[in-house]
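# Architecture and fold: a report
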Amino acid sequence: MSAPVPLGIARAGGRAALALLLSFALVVQPAAAQSVLRDAETEGLLDDIARPIVIAAGLKPGNVRIVLIHDKEINAFVAGGQAIYIHSGLITAADNANQVQGVIAHEMGHITGGHIVRFGEGGRVATGISLLSLLLGAAAIAAGGAEAGMGILQAGQQAAMGKFLAFSRTQEASADAASVSFLNKAGISGRGSVEFFGKLRQQEYRLSSTYADIDPYAQTHPMSADRQSILEAEFHKAPSWDVKTDPAIEARFQRVKGKLFGFVEEPDVVLRTYPESIQTPQARYARAYAWHKKAFAEKAVAEVDKLVATAPHDPYLLELKGQVLLESGKPADALVPLREAVQRAPNQPLIASLFGHALIATEDPANFAEARKVLRVAVSRDNENPFAWYQLGIIYDREGDAPRAALATAERYSLENNPRLALTSAEMALHGIPEGTPDWLRAQDIAMVSRTAVQDQRKRR
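Residues numbered from 1 in each chain as written. Predicted model: local features only at pLDDT ≥ 70, side-chain atom pairs only at ≥ 80, totals over all residues. Heavy atoms only, no water.

Secondary structure assignment for the protein yields 21 helices and five strands. Considering only contacts within the protein whose residues lie at least 6 apart along the sequence, 66% involve residues at least 24 apart. With an accessible surface of roughly 21,900 Å², the protein has 55% of that area assigned to carbon and sulfur atoms. (Helix = DSSP H or I, 4+ residues; strand = E, 2+ residues; numbered from the N terminus. Contact = heavy atoms within 4.5 Å. Areas by Shrake-Rupley, 256 points an atom, 1.4 Å probe, with all protein chains shown as cover.)

Describing two packed helices takes the angle between their axes plus the distance from one axis to the other. Remark: helix H16 (residues 349-361) packs on helix H18 (residues 386-398), axes separated minimally by 10 Å, with the N-to-C direction vectors making an angle of 35°. H16 and H18 meet at a crossing whose hand is left-handed. Side by side, H16 and H18 meet where Ser353, His357 and Ile360 of the first sit next to Phe387, Ala388, Gln391, Ile394, Ile395 and Arg398 of the second. (Axes fitted to C-alpha atoms, helices over the stretch in contact; angles between N-to-C directions. Left-handed = near helix turned anticlockwise from the far one by under 90°.)

A few words now on the packing of aromatic side chains. In the structure shown here, the tally under the stated rule is four aromatic pairs. Ring geometry for Phe263 against Tyr289: centres 5.9 Å apart, planes inclined by 85°, an arrangement best described as edge-to-face. Residue Phe263 is located in helix H10 (residues 247-264), and its partner Tyr289 is located in helix H12 (residues 281-293); the two are separated by 26 residues in the primary sequence. What makes Phe263 partly exposed here is its relative accessible area of 39%. Among the residues examined, Tyr289 registers a relative accessible area of 7% and is labelled buried. Its end group placed over the ring of Phe296, Lys299 keeps NZ or CZ at 5.5 Å from the ring centre. (Phe/Tyr/Trp six-rings, centres within 6.5 Å; stacked < 30°, edge-to-face > 60°. Buried < 20%, exposed > 50% of the residue type's maximum accessible area, 1.4 Å probe, protein only. Lys NZ or Arg CZ within 6 Å of the ring centre and 35° of its normal.)

Counting residues in hydrophobic clusters, the biggest one holds 52 residues, and the most contacted among them are Tyr285, Leu320, Ile351 and Phe355. Ranked by the residues each element gives to this core, the list is headed by H16, at eight residues. (Core = buried A, V, L, I, M, F, W, Y, C linked by side-chain atoms within 4.5 Å.)

What follows concerns helix H19 (residues 402-415). With 14 residues, H19 extends 20 Å between its outermost C-alpha atoms, agreeing within 8% with the 20 Å of an ideal straight helix rising 1.5 Å per residue. For H19, the complete set of buried residues consists of Pro403, Ala405, Ala406, Leu407, Ala408, Ala410, Glu411 and Tyr413. Where H19 is buried, its residues touch H18, helix H20 (419-432) and helix H21 (438-460). The residue sitting at the N-terminus of H19 and contributing the capping side-chain oxygen is Asp401; that oxygen lies 3.4 Å from the backbone nitrogen of Arg404. Just downstream of H19 lies Asn417, where phi reads positive at about 60°. (Expected span 1.5 Å × (residues − 1). Polar contact = N/O pair within 3.5 Å; in protein donor to acceptor, adjacent residues only side chain to side chain.)

The predicted coordinates ought not to be read in detail in places where the model reports low pLDDT. Mean pLDDT for the protein: 81, with 75% of residues reaching 70 or above. Under a pLDDT of 50 for its full length, residues 8-33 has, in the predicted model, 60 contacts with residues more than four places off or in other chains. (pLDDT = per-residue confidence, 0-100.)

The side chains of a regular strand alternate between both faces of the sheet. With five of five residues buried, strand E5 (residues 83-87) is to be regarded as a mostly interior element. Judged from the five bridges that link them, strand E3 (residues 65-69) and E5 form a sheet pairing that is parallel. Note that in E5 the partner of Ile69 across the bridge is His87. Judged from the three bridges that link them, strand E4 (residues 76-78) and E5 form a sheet pairing that is antiparallel. In the strand pairing of E5, Val78 is matched with Ile84. Where E4 folds back on E5, the antiparallel hairpin that results is connected by four residues, among which Gly80 adopts a positive phi of roughly 110°. (Pairing = 2+ DSSP bridges.)

This paragraph deals with the pattern of salt bridges. Per the counting criterion, the structure on display carries 24 salt bridges. The partner of Glu399 in a salt bridge is Arg372, and the shortest N-O contact between them spans 2.8 Å. Of this pair, Glu399 sits in the loop between H18 and H19 while Arg372 sits in helix H17 (residues 368-381); the two residues are 27 residues apart in sequence, bridging distant segments of the chain. The exposure class of Glu399 is partly exposed, given its relative accessible area of 36%. When salt bridges with common partners are traced through the structure, they connect Asp39, Glu41, Arg255, Lys259 and Asp314 into a single cluster. (Salt bridge = Lys/Arg side-chain N within 4 Å of Asp/Glu carboxyl O.)

Turning next to the pairing of E3. Taking burial as the measure, the five residues of E3 include four buried ones, the bulk of the element. Pairing geometry for strand E2 (residues 36-37) and E3, over two bridges, is antiparallel. Paired with Val36 across the strands is Ile69, a residue of E3.

With 14 residues, helix H13 (residues 297-310) ought to run about 20 Å at 1.5 Å a step, and its terminal C-alpha atoms sit 20 Å apart, in line with that. Within the span of H13, buried status applies to Ala300, Val301, Glu303, Val304, Leu307 and Val308. The buried side chains of H13 occupy one side of the element, clustering within an arc of 160° when seen end-on. Exposed positions of H13 whose direction lies more than 90 degrees from the buried face are Glu298, Ala309 and Thr310. (Arc of directions from axis to C-beta.)

You can see Gln391 is positioned in helix H18. Accessibility expressed as a relative area gives 3% for Gln391, which makes it buried. When sequence neighbours within four positions are dropped, the list of residues in contact with Gln391 reads His357, Ile360 and Leu375.

Given below as structure tokens:
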């Protein structure tokens, strides 16, 4: 995988970056290196606010994924394919949905511009300069001119970093320009984009005690102040500048923001930020998670019940109530809200996975058949959910179907990037599943891929 192209603030080039450049080891695996947050309500909102932008960019909404990363840094990036990674810190820092749409539009500019594919161009030019300086410097040192040789090396390194940073800034400016085109075409205001760059600008101020002394040519991104000015001039001319975000979308965003804040922050921080005097849905959502994390189940359920009272059949609120009850040791009580949540949102496999988990947690064999049915549907609609595969494996094991329990376990370990255990489980499945069946072929595929991965790991060691 190529290096990620981030939204972030201007990044100074330095020795650490230069070392990466010279070794050409700019390899990042975001899903493996950072925790991915999965939530049906959040993913649904992000897909909905991104859809018009994706269409304006000439791509199909179903092919573009918005992935939420558990990281407090205000950032977003692309890292190959049609996936946009957004940090949780960016969502909690954004004031409204329109600001997040501005970020998505910028990242879409990187995708449509092929910047990940072209990232190597900047690296190759810089590496060529670096290697040449290394050869010339080594020759000078060998000839007895140690000081001159070191000077050549340092000059070459500076030239290489300058070329690389200039290439990066050009890509960022290109993505900014593309974001203007996409938002205007989609009829979405660019006001949020301008506002968000104002936030990045303030972050630059905080990170540097002498902002005026920052060298703009030593950054991976153009300075946020310059980007903000350029974008404001472009967006202000568009007919969509004064277009307001759909109130329903904005209400959903504020709810998700509170939900995410409650989940990722320490409970005491959440309760200070959203005291009992604040009775908005956002505050109640945040407090529900804070009380739940502090193991005050009754207070958490009370907050959830207040939310459910405002929208009794909202699947996401019912899901939250079921989650709190289940994780508080009351799986039987969780079944009623979770069953209705699945019925109200039949195309949300994450909710179905939670319901399946609750059915299993009751330890009642009478619930196992329903759990198997629910979980099989869940993995058929979202086969990249290791938790769902884990639960399905439990059901197969309880029912005495050891080969398919092994296959579900193989699926789980494959998704968790554990090829050794995936290979072991897949081979166990192959010994018990009838040859030539779809499940047998799937086990064979996992075994082949995992075996290759294990061999590669051994070679690297």
